[in-house]
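Below, each chain spelled out in residue letters.
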Amino acid sequence: MKKLKLIHMVILFWLLILIAKWELLYNIMNFVLYVFRGNVKIQKIDIALLDYVVATLLFFILPFVAWKFRKKLNVRISGASFSVTMFFFFVLFAPLIATSNPAMHHDIKKCKLLAPFSSVAIEERTNIKISNASSGLHEFYNKIINRGIDKNTLYLKANNQNNSKKLFFLFGTDEYGRDVFSRILYGTRFAFFLGISSVIISFSLAFLLGAAAGFGGKFWDNLLNRFTEIFLSFPFLFLIIVFLAFFGNSFWVVVFVLGFSGWMGLFKIIRAEILRLKSKDFIISAKMLGMPEYKILLKEIFPVILAPVTVNLVLQFGNVIMAESALSFLGFGVGDEYFSWGAMINSGQYYLANAWWLSFFPSLFLALTLITMNKTGNELEKIYNPGSTK
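Residues numbered from 1 in each chain as written. Predicted model: local features only at pLDDT ≥ 70, side-chain atom pairs only at ≥ 80, totals over all residues. Heavy atoms only, no water.

S.K.: Let's hear about the overall build of the chain: which residues, and what values?
M.R.: A tally of regular secondary structure across the chain gives 17 helices and three strands. A fraction of 80% describes how many contacts in the chain between residues 6 or more apart in sequence connect residues 24 or more apart. Accessible surface computed for the chain: about 21300 Å², of which carbon and sulfur atoms make up 65%. (Helix = DSSP H or I, 4+ residues; strand = E, 2+ residues; numbered from the N terminus. Contact = heavy atoms within 4.5 Å. Areas by Shrake-Rupley, 256 points an atom, 1.4 Å probe, with all protein chains shown as cover.)

This is the structure:
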């Protein structure tokens with residue numbers, strides 16, 4: 001285990017997907033070739049179709065990227081790096097890893113509230129015509145375009161399952177016959193995209209206000225400090241709910257509100273670092289040479305404060321995901337259009353007696369994400385500040 005490196009884990013995950021999904025990858029690459037040759041006439045191209053194609057292209061590019069950065073990836077693997085690598089694959093390659101379309105409603109009579117590791121025999125029917133395409137392309141195109149009720153699949157009875165294809169549900173199904181594993185995978189992508197977007201907003205606000213407080217003089221420093229303390233005095237979850245009540249709960253509103261509610265602590269760090277560095281010799285020398293303050297901030301100060309800021313952003317990332325899950329659980333999230341772990345936990349609470357997996361697996365992934373972010377923050381703190389203690 002001590003000899004296991006991060007690059008080995010990347011190769012292992014890549015090979016597992018390649019072995020498990022070789023048929024899907026083959027069909028997607030065939031589909032791309034047919035499109036470039038002009039043999040496939042697609043009536044509509046939507047996000048789901050592009051998602052599969054882009055994920056496949058990135059999948060085949062990944063080995064070359066890993067080889068290029070093999071020296072940086074040649075480090076001993078830890079619990080945090082293992083989890084980050086796993087989530088990285090989930091976010092980038094969710095269409096390839098998912099066992100079915102997360103929004104597809106399978107036959108409720110036969111697929112409602114199936115336990116984990118269950119399977120159902122099926123017979124697929126194709127009714128979408130693609131000129132000069134193989135049956136594999138028919139099947140692939142149907143699965144991507146069909147995101148509602150599954151009308152192209154015949155679910156067989158128990159006595160008609162000989163030599164039939166089977167749908168496997170790793171984490172079971174929900175009350176509408178949807179695959180829980182696939183929904184959690186896409187929920188991982190949603191959580192990470194929302195977290196990154198919110199953290200960028202938090203960092204932008206904190207950096208601008210921190211720079212104004214650090215370079216603006218005593219008046220602006222005191223004013224921005226009092227302004228920050230006013231926001232810190234409010235419970236942030238209550239503040240978020242008030243914002244959502246006024247502006248709605250669309251995706252970008254939620255992203256902005258979560259980003260706006262998390263800049264205060266980062267502002268304190270950036271302001272304190274700028275005030276500490278202003279009296280250093282290299283900053284004084286830069287001022288004497290006539291360097292403008294914005295260049296001093298970007299070229300001299302920013303690289304120095306990057307270490308503590310990065311640690312704070314990683315921890316903030318976990319807090320944003322937790323806050324979004326709490327909002328979705330309370331009914332203030334982005335709605336059913338997106339796959340939120342909090343919404344899954346909320347819907348599963350009504351079936352705890354006979355379908356425990358509906359709430360258990362989203363809760364497990366949420367907990368793993370929070371633990372991973374905290375562990376990653378601690379490891380970054382040790383790297384940037386070797387003298388720090390646990």
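Now that the structure is up, let's keep going.
S.K.: An account of unusual backbone geometry is requested, with residue identities and associated values reported.
M.R.: Of note, L113 is a non-glycine position whose phi angle comes to about 55°, a positive value. When its relative accessible area of 19% is taken as the criterion, L113 is described as buried. The phi angle at F117 is positive, at roughly 65°, despite the residue not being glycine. In this fold, F117 is placed in the loop between α7 (108-111) and β1 (118-124). (Buried < 20%, exposed > 50% of the residue type's maximum accessible area, 1.4 Å probe, protein only.)

S.K.: Describe the packing of helix α9 (residues 180-215) against helix α15 (residues 293-330), listing the residues and the values that go with them.
M.R.: Between α9 and α15, the least distance of the axes is 8 Å, while the angle of their chain directions is 140°. By the angle class used here, α9 and α15 are oblique. You can see that α9 and α15 cross each other, and the crossing is right-handed. In terms of residue class, the contact of α9 with α15 is made up of 21 nonpolar, four polar and two charged. (Axes fitted to C-alpha atoms, helices over the stretch in contact; angles between N-to-C directions. Parallel < 35°, antiparallel > 145°, perpendicular 65-115°, else oblique. Left-handed = near helix turned anticlockwise from the far one by under 90°. Nonpolar A, V, L, I, M, F, W, Y, C, P; charged D, E, K, R; others polar.)

S.K.: Quick one: what's the story with the packing of aromatic side chains, residue by residue and with numbers?
M.R.: Both the distance between ring centres and the angle between the ring planes are used here to describe each pair of aromatic rings. Following the criterion strictly, the structure yields 41 aromatic pairs and no others. Here F87 and F90 contribute two aromatic rings whose centre-to-centre distance is 6.4 Å and whose plane-to-plane angle is 80°, an arrangement assigned as edge-to-face. One end of the pair is F87 and the other is F90, both in helix α5 (residues 79-92) and three residues apart, which spans about a single turn. You'll find F87 and F90 in the same group, each marked buried. (Phe/Tyr/Trp six-rings, centres within 6.5 Å; stacked < 30°, edge-to-face > 60°.)

S.K.: Tell me about the side chain of N225, residues and numbers included.
M.R.: Positionally, N225 belongs in helix α10 (residues 218-232). Residue N225 is classed as buried on the basis of its relative accessible area, which comes to 5%. Apart from the residues lying within four places of it in its own chain, the contact partners of N225 are F267, K268 and R271.

S.K.: Outline the pattern of salt bridges, supporting the account with residue identities and numerical values.
M.R.: Evaluated as defined, the whole model comprises seven salt bridges. Here R178 and D174 are joined by a salt bridge, their closest N and O atoms 2.7 Å apart. The partner of D174 in a salt bridge is R183, with the nearest N and O atoms 3.9 Å apart. Just as D174 is buried, R183 falls in that class too. (Salt bridge = Lys/Arg side-chain N within 4 Å of Asp/Glu carboxyl O.)

S.K.: If you had to explain α5 to someone new, which residues and values would you point to?
M.R.: Between the first and last C-alpha of α5 there are 20 Å, a value that for 14 residues agrees with the 20 Å anticipated at 1.5 Å per step. A80, S81, S83, T85, M86, F87, F89 and F90 are the residues of α5 that are buried. Where α5 is buried, its residues contact α1 (6-20), α3 (47-68), α6 (94-97), α9 and α17 (357-384). (Expected span 1.5 Å × (residues − 1).)

S.K.: Kindly report on the nonpolar core, identifying the contributing residues and their values.
M.R.: F89, F93, L96, I184, I270, I301 and W341 are the most contacted members of the largest nonpolar core, which has 76 residues in total. Per-element accounting of this core gives the leading share, 13 residues, to α9. The contact partners of I301, leaving out residues within four places of it in the chain, are F215, I274, L277, I283 and I296. In terms of nonpolar packing, the next biggest core, distinct from the first, is built from 14 residues, F190, V255, V257 and L258 among them. (Core = buried A, V, L, I, M, F, W, Y, C linked by side-chain atoms within 4.5 Å.)

S.K.: How would you summarise the environment of V54 if you had to cite specific residues and measurements?
M.R.: Looking at where V54 falls in the secondary structure, it is placed in helix α3. Note: C-alpha distance between V54 and L92 (38 residues apart in sequence) is 9.2 Å.

S.K.: Summarise helix α2 (residues 22-37); cite the residues concerned and give the values.
M.R.: When the terminal C-alpha atoms of α2 are compared, their 22 Å separation across 16 residues agrees well with the 22 Å that a helix rising 1.5 Å per residue should span. Considered for burial, the residues of α2 that qualify are L24, L25, N27, I28, N30, F31, V32 and Y34.

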